[in-house]
Amino acid sequence: MTPREVVSHPPPLRESVPHHIAIVMDGNGRWARRRAQPRSLGHRAGQKAVRAIVEYCLRNRIPVLTLFAFSSENWKRPDAEVGALMDLFLKALDKEIDELHKNEVRVCFIGELSAFPDPIRTRMQVATTRTAGNQRLALNVCVNYGGRWDIATAARLAAEAALRGELDAAMLDERTLARYFCLADLPPPDLLIRTGGEHRISNFLLWQLAYAELYFTDTLWPDMDAAQFDLALDDYARRERRFGCVPAAPAAARAG
Ligand code: FPP
């Protein structure tokens, strides 16, 4: 998860680079199975790919990265796998934060954090506080997160504000509700990458992804590297983002 060494060379010449990339990191289990290894080994290999994407964002001046590391449904996995993931998070929090801080990465954990064991929660809090002033890359790690949970929480917070008289319920619109969602202080994702061959969103950032470009690749998460991320960004650069409008008319057509 840490950018060990940030090699500085000019970013690729793309006309359009996403400001915010969100990723569903899928395929760790299959990566391990193909090597006849336990799934936990796949997650460990996945951690290296997390380092690679953090380095990639720093190098390419992409200011926001949001990773789906543990969904609210992942608790249903076998105890041994959940335990291995918790262990991995704990070790990553101990090992990687110095380097992330050195690289001016602001780390945030998004989700229902109360479900995590105390040592993990404490470290998340320490990491968040320590890196809070960093400006180069905002790294959001979604853990025990679900898009429906996020929507329900936003609705509850808005209802509570209305009950306190801080909000007129009759005036509640998209803009106002948006303030109560996770990541409300950041631009929404421009690009969602999902690795591992599945073509679905899996309850990730349901509200925030409304206008994101979707990129699916069969590559398993631990095999993602800079060349693979280049493919995703090249694909993104070719997209025409219209946000519900019609395409921009060429100058001659506009003049006529
Ligand atoms: C999905 O692959 C991956 C996860 C549930 C865990 C993601 C965790 C990491 C990448 C580890 C490191 C992360 C941090 C932030 C330290 P899967 O297990 O569903 O794979 P499969 O679809 O092949 O079974």
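Residues numbered from 1 in each chain as written. Predicted model: local features only at pLDDT ≥ 70, side-chain atom pairs only at ≥ 80, totals over all residues. Heavy atoms only, no water.

Caption draft 1: Highlighting the sheet that holds strand 4 (residues 137-145). Strand order in the open sheet made by the six strands is 3-4-2-1-5-6, with parallel pairing throughout. The two strands at the open ends of the sheet, each matched to only one other strand, are strand 3 (105-110) and strand 6 (213-216). Recorded for the sheet is a direction-independent mean angle of 20° between the axes of neighbouring strands. Inspection of the sheet shows strand 1 (residues 20-24) paired to strand 5 (residues 191-194) by four bridges, in the parallel sense. Looking at the pairing, I21 lines up with L191 of strand 5. Running over the sheet, helix 7 (residues 226-237) touches strand 1, strand 5 and strand 6 and is turned about 140° from strand 5. (Pairing = 2+ DSSP bridges. Helix = DSSP H or I, 4+ residues; strand = E, 2+ residues; numbered from the N terminus. Axes fitted to C-alpha atoms, helices over the stretch in contact; angles between N-to-C directions. Contact = heavy atoms within 4.5 Å.)

Caption draft 2: Focus on the pattern of salt bridges. By the definition in use, this model includes 19 salt bridges. One salt bridge connects E99 with K102, and the closest N-O pair in it is separated by 3.6 Å. In this pair, E99 and K102 both sit in helix 3 (residues 79-102), three residues apart, roughly one turn of the helix. A relative accessible area of 16% means that E99 is categorised as buried. Within the structure, one salt-bridge network assembled from shared partners comprises D190, E213, D235, R238, R239 and R241. (Salt bridge = Lys/Arg side-chain N within 4 Å of Asp/Glu carboxyl O. Buried < 20%, exposed > 50% of the residue type's maximum accessible area, 1.4 Å probe, protein only.)

Caption draft 3: Inspection of the pairing of strand 1 at higher detail. For strand 1, a buried count of five out of five residues is recorded, marking the element as mostly surrounded by other parts of the structure. Residues H20, A22 and V24 of strand 1 are buried on one face, and the alternating residues I21 and I23, pointing to the opposite face, are buried as well. In this sheet, strand 2 (residues 64-71) lies alongside strand 1 in parallel orientation, the contact comprising five bridges. Bridging from a neighbouring strand, V24 pairs with F68 of strand 2.

Caption draft 4: Spatial organisation of the nonpolar core. Membership of the largest hydrophobic core comes to 43 residues, with the highest contact counts inside it found for I23, I53, V54, L65, V143 and W221. Element by element, the count of residues in this core is highest for helix 3, at eight residues. Residues I110, C142, L192 and L209 belong to the second largest nonpolar core, which totals 16 residues. (Core = buried A, V, L, I, M, F, W, Y, C linked by side-chain atoms within 4.5 Å.)

Caption draft 5: Spotlight on helix 7. For helix 7, built from 12 residues, the straight-helix expectation of 16 Å at 1.5 Å per residue is met to within 8% by its first-to-last C-alpha distance of 16 Å. Listing the buried residues of helix 7 in full gives F229, A232, L233 and Y236. One side of helix 7 carries all its buried residues, which in axial view fall inside an arc of 95°. Check the buried side of helix 7 and you find it contacts strand 1, helix 2 (39-59), strand 5 and strand 6. (Expected span 1.5 Å × (residues − 1). Arc of directions from axis to C-beta.)

Caption draft 6: Quick peek at the side chain of T66. Within the secondary structure, T66 sits in strand 2. With residues near it in sequence (within four places) discarded, T66 still touches H20, I21, A22, I23, N140, C142, L183, F204 and L205.

Caption draft 7: How the structure looks around the site of the ligand. As a structural note, the neighbourhood of the ligand is formed by 19 residues, with D26, G29, R30, R39 and R77 the closest of them. Contacts to the ligand include R30, whose backbone N or O atom sits 2.7 Å from an oxygen atom. A distance of 2.7 Å separates an oxygen atom of the ligand from a polar side-chain atom of R77. With the chains in place, 92% of the 630 Å² that the ligand exposes on its own is no longer accessible. Of all the elements in the fold, those that place two or more residues in the shell around the ligand are helix 1 (28-33), helix 2 and helix 3. The element that contributes the greatest number of residues to the shell around the ligand is helix 2, accounting for four residues. Classifying every residue of the shell around the ligand gives eight nonpolar, seven polar and four charged. (Near = heavy atom within 4 Å. Polar contact = N/O pair within 3.5 Å; in protein donor to acceptor, adjacent residues only side chain to side chain. Areas by Shrake-Rupley, 256 points an atom, 1.4 Å probe, with all protein chains shown as cover. Nonpolar A, V, L, I, M, F, W, Y, C, P; charged D, E, K, R; others polar.)

Caption draft 8: Molecular detail of the pairing of strand 5. A two-sided burial pattern is seen for strand 5, the buried positions comprising L191 and I193 on one face and L192 and R194 on the other. One ladder, built from four bridges, connects strand 5 with strand 6; its direction is parallel. For I193, the partnering residue across the bridge sits in strand 6 and is Y215.

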